[in-house]
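# An overview of the molecular structure
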Amino acid sequence: MFHVKQSEKTSPTEAFGIDTPLAREIADLSVRRRQLEGVELQFSGQTRVLTVSNQKGGVGKTTSAVNIASALASFGAKVLVIDLDPQGNASTALGVPHNAETQSIYDVLIDDVPLADVVQQSPESENLLCAPSTIHLAGAEIELVSQVAREHRLRRAVDQYLADHVVDFVIIDCPPSLGLLTINAFTAASEVFIPIQCEYYALEGLSQLLGSIQMIQKHLNPDLHLSTILLTMYDGRTRLAQQVADEVRNHFPGQVLNAVIPRSVRVSEAPSFGQTVIAYDGSSAGAIAYREAAVEIASQKTQSKEK
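Residues numbered from 1 in each chain as written. Predicted model: local features only at pLDDT ≥ 70, side-chain atom pairs only at ≥ 80, totals over all residues. Heavy atoms only, no water.

When helices and strands are counted, the chain shows 13 helices and 8 strands. Scaling as 2.2 N^0.38, a compact globule of 307 residues should have a C-alpha radius of gyration of about 19 Å, and the chain matches this with 21 Å. Here the C-alpha coordinates of the chain stretch approximately 90 × 40 × 35 Å along the principal axes. Within the span of the chain, comprising 307 residues, buried residues form 48% of the whole. Restricting the contact set of the chain to residue pairs at least 6 apart, pairs at least 24 apart contribute 79%. (Helix = DSSP H or I, 4+ residues; strand = E, 2+ residues; numbered from the N terminus. Rg over C-alpha atoms; globule rule 2.2 N^0.38 Å. Buried < 20%, exposed > 50% of the residue type's maximum accessible area, 1.4 Å probe, protein only. Contact = heavy atoms within 4.5 Å.)

Let us now look at the environment of K61. Turning to its location among the elements, K61 is positioned in helix 3 (residues 61–74). Taking the C-alpha atoms as reference points, K61 and Q197, separated by 136 residues in sequence, lie 9.3 Å from one another. Excluding its chain neighbours within four sequence positions, the residues that come into contact with K61 are V52, S53, N54, D85, D173, C174, P175, P176 and P195.

So, about the confidence of the model for the chain. The predicted coordinates ought not to be read in detail in places where the model reports low pLDDT. On average, residues of the chain carry a pLDDT of 87, and 91% of them reach 70 or more. With pLDDT under 50 throughout, residues 1–7 is counted as low confidence; its partners more than four residues away or in other chains account for 1 contact. (pLDDT = per-residue confidence, 0-100.)

Next up on the list: the pairing of strand 7 (residues 225–234). Judged by how many residues are buried, strand 7 sits mostly within the fold: 8 of 10 residues are covered. In this sheet, strand 7 lies alongside strand 6 (residues 191–197) in parallel orientation, the contact comprising 7 bridges. Counted as the bridge partner of I196 is L231 from strand 7. With 3 bridges joining them, strand 7 and strand 8 (residues 256–262) adopt parallel strand pairing. (Pairing = 2+ DSSP bridges.)

Further remarks concern the sheet that holds strand 7. Reading across the sheet, the 8 strands line up as 3-4-2-5-1-6-7-8 and stay open at both edges, with mixed pairing between neighbours. On the outer flanks of this sheet lie strand 3 (120–121) and strand 8, each paired with one strand and no other. Those strands touched by helix 10 (residues 239–251) are strand 6, strand 7 and strand 8, and its axis lies near 170° from that of strand 7. (Axes fitted to C-alpha atoms, helices over the stretch in contact; angles between N-to-C directions.)

Moving on to unusual backbone geometry. Of note, the phi angle at D112 is positive, near 60°, even though the residue is not glycine. Residue placement: D112 occurs in the loop between helix 5 (105–111) and strand 3. Judged by its relative accessible area of 51%, D112 falls in the exposed class. Of note, the phi angle at A149 is positive, near 50°, even though the residue is not glycine. One can find A149 in the loop between helix 6 (140–144) and helix 7 (153–164).

The periodicity of an α-helix, 3.6 residues per turn, causes residues three or four positions apart to be oriented the same way. An ideal rise of 1.5 Å per residue puts 20 Å on 14 residues; helix 3 measures up with 20 Å between its terminal C-alpha atoms. The buried fraction of helix 3 amounts to 12 of the 14 residues, a majority that puts the element mostly inside the structure. Among the residues of helix 3, K61, T62, S64, A65, V66, N67, I68, A69, S70, A71, L72 and A73 are the ones counted as buried. G76 lies just past helix 3 and shows a positive phi near 105°. (Expected span 1.5 Å × (residues − 1).)

In this structure, I82, L115 and I172 are the most contacted members of the largest nonpolar core, which totals 53 residues. Sequence-distant contacts of L115, that is, excluding residues within four places in its chain, are made with L80, I82, I105, V108, A131, A157, V158 and Y161. Core analysis: the next-biggest nonpolar cluster, separate from the first, contains 42 residues, F75, A90, L230 and Y290 among them. (Core = buried A, V, L, I, M, F, W, Y, C linked by side-chain atoms within 4.5 Å.)

Before going further, it helps to examine the environment of I288. Among the structural elements, I288 can be located in helix 13 (residues 285–299). Here I288 falls in the buried class, since its relative accessible area comes to 1%. I288 sits 226 residues away from T62 along the chain, and the two C-alpha atoms are 18 Å apart. Setting aside anything within four residues of it in sequence, one finds I288 in contact with L29, R32, R33, L36, G282 and S283.

Once that is clear, we can look at the packing of aromatic side chains. Taken as a whole and assessed by the stated rule, the structure comprises 2 aromatic pairs. For the ring pair F43 and F169, a centre distance of 6.1 Å and an interplane angle of 85° mean the geometry is edge-to-face. Taken together, the positions of F43 in the loop between helix 2 (21–37) and strand 1 (48–52) and F169 in strand 5 (residues 169–173) put the pair 126 residues apart, joining distant regions of the chain. Ring geometry for F273 against Y280: centres 5.0 Å apart, planes inclined by 25°, an arrangement best described as stacked. Judged by relative accessible area, F273 falls into the exposed class, the value being 53%. (Phe/Tyr/Trp six-rings, centres within 6.5 Å; stacked < 30°, edge-to-face > 60°.)

Printed below as a string of structure tokens:
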């Protein structure tokens, strides 16, 4: 029988694989989780309206919208998500019915139905509300063309709702295009929240989106400004992801959040259960990252009109 003598230079922790990248990642998540448990946020009562937009698809736009909303609600904020994407993915993730017979944001835009009549509470939290999208919204781009004040219809509906309801955040999830639905969202909001995938093409999409924001500022909504950029699908093992993150931070030092959303299986799985990752697996790396991002967003100073 042979006996293998353990090297005297190897510590017990190293021998049993405790000091490994996985172990360090788990330890880091534990520290961040404990820090979040001690966070208490105060909300002023002044409603912030953010439109989550990116003309490039597949960057985590809807995922970020619903998870930031859920994270804010978990800290005690009252949050309304307006699903302005005909695909209705935000409604699905929040567990809100949005079949063809459901009253939706389409009825608000086309038939002047009060926003309060279509808003539903998410089963995830009493602080989380959703104005759902339905398949009818796919034709709204064409129907809005003939409507009076077509670019301001969502803004009027939101203003009317906020006059009667106390909400800390309104988060509008846009389709990945610059049509009348997205223009309505830009006109209704004061802040633009852009999720950016850490890949090269994301930078090209960002420049196009900034041009669209400037056009809206000039012609429709001078109060609109870019307040938040969130880096998503980040893989720290690749040099490209680090380069994209560095470049975005260099160009927008005041808008890019410190929190970065990693690639996460849990984040991808959650919508299939009609949940956000906050409710699906609140201890996962994705959930912790979104909660950290929510804390940063809640702590932002709202930009004055002069700025």
